[in-house]
Each structure stands twice: as C-alpha cells, then as structure tokens.
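Observations on chain architecture
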Amino acid sequence: MNTTTAERLDLIQIREDFPILKREIAPGIPLVYLDSTATSQKPLAVIRAMNDYYERSNANIHRGVHTLAEEATAQYEAAREKIARFIGARKSCEVVFVRNTTEAINLVAFSWGRKFLQRGDRVLLTEMEHHSNLVPWQILAQEKGLELDFIPVTENGLLDLDEFQRLLGQKPKIVAVTQMSNVLGTINPVKQIAQLAHQAGAVVLVDGAQSVPHLPVNVEDLEADFLAFSAHKMLGPTGIGALFGKEELLEAMPPFLGGGDMIKKVHLRSFSANELPHKFEAGTPAIAEAIGFGAAIDYLSRIGMERVAAHEREIIHYALEALSEIDGLTVFGPPADQKGAVASFTMRGVHPHDVSQILDSQGIAVRAGHHCAMPLHEKFGLPATTRASFYLYNTHQEVDQLVRGLAKVKKIFG
Amino acid sequence: MDDLYREIIIERYKDPLYRGVLEPNDISFEDENPLCGDHIRIDLRVDENARVIEAAFSGHGCAISQASADLLLESIIGKTLDEVKQLNKQDVLDLLGIELGPVRLKCALLPLKVVKAGVYGLGEASDSLVEE
Ligand SMILES: Cc1ncc(COP(=O)(O)O)c(C=O)c1O
C-alpha cells in the first residue's frame, strides 16, 4: 500500500513527543532505539497523564465518595472505555485490566480452562508462540491431562494452514494463536483461523501483544473470543495490560484471583462475585498505569493505526532490502509484505550477543537471544538471533545507522 | 566499549587453541547459560599427581565465552586440581583483560563455572563457584 505525503507521519513532530529519543548513549552518540518489540518508548503525554494523576487525583478507586476517589474512578473507567473503542469491543465490561499479556493468557487458562476443559481435551497452539502462550497451557495440561497440539511453522516462517485444518479435525476446545510473531514478524491470518476454529466448535484466543500496538485490530472483525495485549508495547506504561473477552464467555467463567473489589458480598465461608469486569480485578489495580494506558490509546488514535502500520510497512521494506545486501547476514521469517516491522537475523561467524554489544557501542539498541520463543529457535536450529524492531518513531536514517553498525561488526570480526 | 573486543579475544574466538573433545577423559562437564543459550563442555586429563595435562572445550557461544574458555584452559594446564579450585572471577577477568557488565560477566564466567563444577564433581554448575 502506498501512502501519499499528506498521510505520512510527521516523524520530526513524533520524535519530539518522546523525550528519551534525545538521549545520548555516550557523548556524541545518540540513541537509536530498535527494540520496541520488547517494549516501546513512551510519549510525554503518557508520562504527564500518570504524573497528573499522582499530583492531582491520587485515591483508591470505587467505593470512595470523596472528590479524589470519584476523579480516580472516572479516569480509570474512562481508560477502559478508550481501550474498548480502540479494539472495537461492543461493551467496556468486556475489557479486563490485567498486568500484561502474560497475565491475560493465564487468566483464560486458569479460569476458563479450569472450568471448561477436561482430561483428554485438546488445546491447539502454534510453533511460533511466545512462552507466555505456551507455559500456561503446559501447566494446565499437566494438571488436567490435556493434549497440546501445534500448528507447524513452515521454512519461510508462515503457519501451515493445511496442517491446521487437519488438526481442527481432532476437535480442539480452544485455539490460541499469536496475531504477530515477535521473532519472525509473521502476521497470521487470524480471521481465517478464527472462522475455521469456530466452525469446528473451538474458542479462539488471540495473543495481540505485537499486533494491537502495530496494526488496526478489531475484535468483531477478527471474530476473536479473547484478545490479550500489554500497554508497555504500545506507548503505555509497564504493569498494565488488557484481556478482551466476549461477555458470554466472561460471564460463564469463575473468578481468577480472589479478594477485594471482585466481590459483591462476602460471608465467612462464602462470597458472591462482582459483575463484569470487576469480577476479574481483585485488589487495588494499577490505577496510574491504567490512566497512562488510556493516554497511550489517545496518542495512537490521534495518529491512526492505519498510518502507523503504513509507516512500519515502509520501514521494514527498506530495512529488509538493506539487510539483504550484507554478505553473510540471514533474516528469518516471511518477506516484508507478510510481516510486521521485525527483523531477526544472524551474521555468519558472529554470535548475536557480540553483534548487539558492538551495535550498542554505537548507540543502537537491539535485542539478542531467543526472544522468549525457544521452541521456534530450536525449530530453526538456532540458539539465538539478533532482533531489530521498528515503531512509529523510527526513521529511514536509523535503518542506515543499523546497516553501518553491522558493517563495523564485520570489520571487528574480520 | 570496543575494548571488549581486544585482539586477543577475537583471535581466540576465531582460532581457538583448545577447541575439541577428549575421549577418554578424567573429567568432563557441560552446562549452559539459559539466558543466552551459550553451551560449553570441557574435558580434562590429569596425571597421577592430579595435575591437568590436557584440556579441551566444545559447544557454542559468543566471543567472550569462547575466548574465556580458551584462555582459561591454557592457564590451567600444568596446575593441580587444588589450584584450579582456587581460581576465581578476577582470574578470568585478568586473562581477558577487560571489564564487563553483569550480563556479559555471565558469558565470561561460564567456562570457569563448568571447569570447577567438573573438578569438584558436582551435579550442577552454580554461580557460587565463581564468586569472590
Ligand atoms: C507475541 C508476544 N506474546 C506475549 C508477550 C508477553 O508480553 P508481556 O511480557 O507484556 O506479558 C510478548 C512480549 O514480548 C510477545 O511478543
């Protein structure tokens, strides 16, 4: 898709909004931040929203009748409404605040899964899942005697959809799949997967940790039953994330954690659970963080996710082309038009740690390791890769700096 | 920062003197750094006085861990096992001739951890083996 200049992002203005992007890693060496897949940087609007809350309105939410408590509650609930609108949820009670994507998936596994899955039931995952969409299911499988199946990943980093159809024949109860791989960048056809899974009678959980920050995502359109994502990867603070769940499903699920706020009534030996979404929000939540999350959503909405995605498409096309010219460098995953702005690669003869260390000495922040996807790395026979990832504030010049940095790596390792 | 990649480190990474396996051996131990997947196996042969006479390492890892293994093995040949038990973090840093942050320190110390766990005959290599 081509963007006209009018639709292009104003990179100079956007970069002004992120104070950290002015940072120098050493005197005269500016930061080139290419690790947004791990966590994004935060605009001033988000930092300010959290500060303002602490400076003006700090109070515990719900139940309080003083001014501050009402302000805090209103801001916290307003953030929930913004998130619901952002992902196209019908009702804000379908959005549950959690700490992060990991907690959202654990909530589904241990609330929905404990109630609705029985010995011998099958859970269908993929080989490209982040550990957070593997381990909760492994724990539950051990506890209940479930069978785990995996949609294979092909050589070029795509899901094998023929094999998916075959695995659906075994009637999994739930299909839990990432919409975008944090290693390969692959954008999976989640809508098609959800339709087929629903026809086979399965519930569908989408790991949106990478897709919600980078693409327009609409739960109605995707036909997702659950969608999990983290604020910190989409310009918001750490410590807060969201689980979207269809109202009927959330209603039918038992509480996950017990305590204050999640109850309607408590007796010494029993309780009745609160209404949605509070049923799943036990204890004092991360109030400032939820408000910061709301401010991040405002920021992204003002720019528009279509434009964010278009910018990233341009950057990844440019980056993959530039990287393909470096002798001895291999990028993993599908071609640029099937993936998000993530490039995981190896350099012949140089360990990923050494690559990222030498890049760091030039101010370039990338990540080295297995990126919480050890099974995927095993599949490709790699102990580790180096990963450069891009977001709305990254520029073509920064891609050029990465390429120059990699030239230096080659020089040092001769 | 570039001083990390001193010539000796790059040299030993690219052309190690002690890469290989010893079969049979008197002591063999392997371990990995779960954070980065670096994996190292070290084999030793000792004489009747418990003195190291031959050493080799295998596995994969970054320049720091590989160079550290090579230099460490060079330094322990001729030492008794009791002397090897005395080796510490600082000895490894002196061999490498660099300062390291906490993340890369783990890479540098992995070979010593493996050697000491082998020499002590332990089931697993723990960080406490290489603390000062
Ligand atoms: C695809 C994917 N899923 C899940 C997660 C886990 O996110 P969090 O650590 O915020 O729970 C990540 C984060 O790296 C991710 O990339």
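Quick caveat: nothing in here was measured; it's all calculated off a predicted structure.

1. Considering the site of the ligand
Residues and elements named next belong to chain A.
- Lining the immediate surroundings of the ligand are 14 residues, of which Thr102, Asp207, Gln210, Ser230 and Lys233 lie closest.
- Taking Asp207, its side chain carries an N or O atom lying 2.5 Å from a nitrogen atom of the ligand.
- For the ligand, whose unbound accessible area comes to 390 Å², protein coverage reaches 88%.
- A class-by-class count of the residues in the shell around the ligand yields 2 nonpolar, 10 polar and 2 charged.

2. Topic: the interface of chain A and chain B
- In this assembly, 16 residues from chain A lie in contact with 19 residues from chain B.
- Both faces considered, chain A and chain B share a buried interface measuring about 1,400 Å² in area, 55% of it formed by carbon and sulfur atoms.
- Per-residue buried area on chain A facing chain B is highest for A:His353, A:Gln357 and A:Phe413; these three make up 37% of the total on that side.
- In this structure, the salt-bridge partner of B:Arg104 is A:Asp354, at a minimum N-O distance of 2.9 Å.
- Here chain A is connected to chain B by 9 residue pairs in polar contact (both at pLDDT 80 or more).
- Within the residue set of the side of chain A that touches chain B, elements represented by two or more residues are α13 (352-360) and α15 (396-413) of chain A.

3. Points about the packing of aromatic side chains
Residue and element names in this part refer to chain A.
- Scanning all chains against the criterion turns up 10 aromatic pairs over all chains.
- Taking 5.2 Å as the distance between ring centres and 55° as the angle between the ring planes, the aromatic pair formed by Tyr53 and Tyr54 counts as tilted.
- Residue Tyr53 is classed as buried on the basis of its relative accessible area of 2%.
- Their ring planes at 75° and their centres at 6.2 Å tell us that Phe229 and Phe293 sit as a pair that is edge-to-face.

Rules and cut-offs
- Residues numbered from 1 in each chain as written.
- Chains lettered and ligands numbered in written order.
- Predicted model: local features only at pLDDT ≥ 70, side-chain atom pairs only at ≥ 80, totals over all residues.
- Heavy atoms only, no water.
- Near = heavy atom within 4 Å.
- Polar contact = N/O pair within 3.5 Å; in protein donor to acceptor, adjacent residues only side chain to side chain.
- Areas by Shrake-Rupley, 256 points an atom, 1.4 Å probe, with all protein chains shown as cover.
- Nonpolar A, V, L, I, M, F, W, Y, C, P; charged D, E, K, R; others polar.
- Contact = heavy atoms within 4.5 Å.
- Buried area = accessible area lost by both parts, 1.4 Å probe.
- Salt bridge = Lys/Arg side-chain N within 4 Å of Asp/Glu carboxyl O.
- Helix = DSSP H or I, 4+ residues; strand = E, 2+ residues; numbered from the N terminus.
- Phe/Tyr/Trp six-rings, centres within 6.5 Å; stacked < 30°, edge-to-face > 60°.
- Buried < 20%, exposed > 50% of the residue type's maximum accessible area, 1.4 Å probe, protein only.

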